Amino acid sequence: MKRFESIRSISYDCVYEERILVDFSTKKGGKERLMTITEETTEDNYHKFNVSGRMIYFQFDDRFGSPLRAIVYPWDRECIISCVHNHFLDLFGNSVDYQWLSFGYKTPIPQLQNLSACIKLQIAPRLWIGNMNFLETLANFLSTISVLKFVDLVICSKREVFSPESIFYQAESIKCYRRYSSPDVLRHFQGRQAVLSCGECEISDLIKFVNRWKSGEAFQKLEYLKIEIFNENIPKKQVLVGIGAKYTYATRRHTLPKVYVNDFDEPNTDPITSHNYVVRQSDNRVASVLIEEKTFSFGVWDKTEEKFLRMGEYTENYTENSSF
């Protein structure tokens, strides 16, 4: 029971098409492989076990770094995966996070209770060559996902890939590398955390993003945003004046747990240590703003301005004549 209580999430890693790796992640950041699900054509040396009312063949095999290997026939794949998942639900219920990790858009993600999708996509112009229905195929793949937890996206095209209504913008967390600009994420994102890297970004898009958050018009769930621009520095004063930033002499350090943590990630978002902040009109919530050369960081606090300022006594509005 002590071991079970330490489990934070269960993931089905489908990066390899021929097998599914089932892993436990602990609350302390550790990871353990429980089993591998593979397609086989023989039942030699396998042992039968009843899993959620279905007999499944297992073999003790550590070739893929796990103690167990489960047999899955191609025509029975979804049913077996569903039984394994239902067994986990019986054991853990809602106490852990269930994640389906997928690379690409060709393998359908099963519709299972409490299961969220974490996907990696690479989109390049070559995908359109000889495949005029690429965008439709991608849209159909995304439309089958009920809960999208995390997207790791690389786009090497100037084309807009997703419609404003796409579930892509509803992902809880986005990590996006784009060779060109990324105004679409700044306009349509509805999730909690986003880290963007792009070749260029219109300063007006940054200002408009913050002002839409301040007005309460958009980004109601947003907790954290970081944008890194490769080709140019961000004009700090222009942006701070444009968003009506305020200044306090006491710095604040904003950080929070990441929505999704992979094997090599730090568990928390990069700290934002800043004097500058903005206030949302609808509920008086505060967000810290930090501009450092090519990087723009935005972190929302769970505090009103009054509570936020209790750590310091002096505040000013940022104007063009400000020296700080």
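Only a predicted model underlies this, so the values are computations on that prediction, with no experimental measurement involved.

K.L.:
Can you help me understand the overall build of the protein chain in this one?
P.N.:
Helix and strand counts for the protein chain come out as seven helices and 17 strands. Residue burial in the protein chain is summarised as follows: out of 324 residues, 48% are buried. Taking all contacts inside the protein chain whose residues are at least 6 apart in sequence as the whole, residues at least 24 apart take part in 54%. Accessible area of the protein chain: about 17000 Å², with a carbon and sulfur share of 48%.

K.L.:
Explanation requested: the layout of surface pockets in the structure shown.
P.N.:
The method is simple in principle: a probe with the dimensions of a water molecule rolls over the atoms, and the space it marks as empty is what remains. Reported here for the largest pocket is a volume of approximately 560 Å³. Residue lining of the largest pocket: 29 residues in total, with Lys-31, Tyr-260, Val-261, Asn-262 and Asp-263 positioned closest to the centre. Elements represented by at least two residues in the lining of the largest pocket include exactly strand 1 (7–13), strand 2 (19–26), strand 7 (97–103) and strand 8 (115–123). When the residues that make up the lining of the largest pocket are grouped by side-chain class, the tally is 11 nonpolar, 10 polar and eight charged. Two domains each donate at least three residues to the lining of the largest pocket, and these are domain 1 (1–103) and domain 2 (147–317). Roughly 380 Å³ of volume is contained in the second largest pocket. Forming the boundary of the second largest pocket are 21 residues, of which Glu-17, Phe-103, Gly-104, Tyr-105 and Lys-106 lie nearest the centre. With four residues, strand 8 is the single largest residue contributor to the lining of the second largest pocket. In the lining of the second largest pocket, the residues fall into 10 nonpolar, four polar and seven charged.

K.L.:
Just to check I follow, could you spell out unusual backbone geometry for this structure?
P.N.:
Keep in mind that most residues, glycine aside, have a negative phi and that most peptide bonds are trans. Here Asn-114, not a glycine, exhibits a phi torsion of approximately 65°, which is positive. For Asn-114, the location among the structural elements is in the loop between strand 7 and strand 8.

K.L.:
Can you help me understand the packing of aromatic side chains in this one?
P.N.:
Between two aromatic rings, the relevant description is the distance of the centres plus the angle of the planes. Per the counting criterion, the structure on display carries 16 aromatic pairs. Between Phe-150 and Tyr-260, the aromatic rings sit 4.4 Å apart at their centres with planes inclined by 20°, giving stacked as the arrangement. Here the residue Phe-150 occupies a position in strand 9 (residues 148–155), and Tyr-260 occupies one in the loop between strand 13 (246–254) and strand 14 (272–279), the gap between them amounting to 110 residues. A relative accessible area of 11% means that Tyr-260 is categorised as buried. Taken together, the ring pairs in this structure connect Tyr-12, Phe-24, Phe-88, Phe-92 and Trp-100 into an aromatic cluster.

K.L.:
Explanation requested: a nonpolar patch on the surface in the structure shown.
P.N.:
A contiguous nonpolar surface patch, about 290 Å² in accessible area, is contributed by Val-15, Tyr-16 and Phe-103. Tracing the sequence through the fold places Val-15 in the loop between strand 1 and strand 2. Classification of Val-15 by relative accessible area gives partly exposed; the value is 43%.

K.L.:
Even after reading the chapter, I still don't get the nonpolar core, so can you show me in this structure?
P.N.:
Generally speaking, nonpolar side chains in soluble globular proteins are found buried as a group. Among the nonpolar cores identified, the biggest contains 80 residues, and Ile-119, Leu-225, Phe-296 and Phe-298 are the most heavily contacted of them. With seven residues, the single largest contributor to this core is helix 2 (residues 77–92). Both domain 1 (1–103) and domain 2 (147–317) contribute no fewer than three residues apiece to this core. In terms of nonpolar packing, the next biggest core, distinct from the first, is built from six residues, Tyr-277, Val-286, Trp-301 and Leu-309 among them.

K.L.:
Is there a simple way to think about helix 5 (residues 203–215) in this case?
P.N.:
Note on helix geometry: an α-helix contains 3.6 residues per turn, so any two residues three or four positions apart are oriented the same way. In this model helix 5 runs 19 Å from its N-terminal to its C-terminal C-alpha over 13 residues, within 8% of the 18 Å that 1.5 Å per residue would give. Among the residues of helix 5, those classed as buried are Ile-203, Asp-205, Leu-206, Ile-207, Phe-209, Val-210, Trp-213 and Lys-214. Where helix 5 terminates, the next one or two residues include Gly-216, which has phi positive at roughly 85°.

How each quantity is defined
Residues numbered from 1 in each chain as written. Predicted model: local features only at pLDDT ≥ 70, side-chain atom pairs only at ≥ 80, totals over all residues. Heavy atoms only, no water. Helix = DSSP H or I, 4+ residues; strand = E, 2+ residues; numbered from the N terminus. Buried < 20%, exposed > 50% of the residue type's maximum accessible area, 1.4 Å probe, protein only. Contact = heavy atoms within 4.5 Å. Areas by Shrake-Rupley, 256 points an atom, 1.4 Å probe, with all protein chains shown as cover. 1 Å grid on protein atoms, 1.4 Å probe; cavity = no way out; pocket = protein on both sides within 12 Å on 5 of 7 lines; lining within 4 Å. Points joined across faces, edges and corners; volume = space filled by probe spheres on them. Nonpolar A, V, L, I, M, F, W, Y, C, P; charged D, E, K, R; others polar. Domains from an automatic or database assignment. Phe/Tyr/Trp six-rings, centres within 6.5 Å; stacked < 30°, edge-to-face > 60°. Patch = residues over 30% accessible without salt bridge, like charges linked within 9 Å, V, L, I, M, F, W, Y side chains within 5 Å. Salt bridge = Lys/Arg side-chain N within 4 Å of Asp/Glu carboxyl O. Core = buried A, V, L, I, M, F, W, Y, C linked by side-chain atoms within 4.5 Å. Expected span 1.5 Å × (residues − 1).

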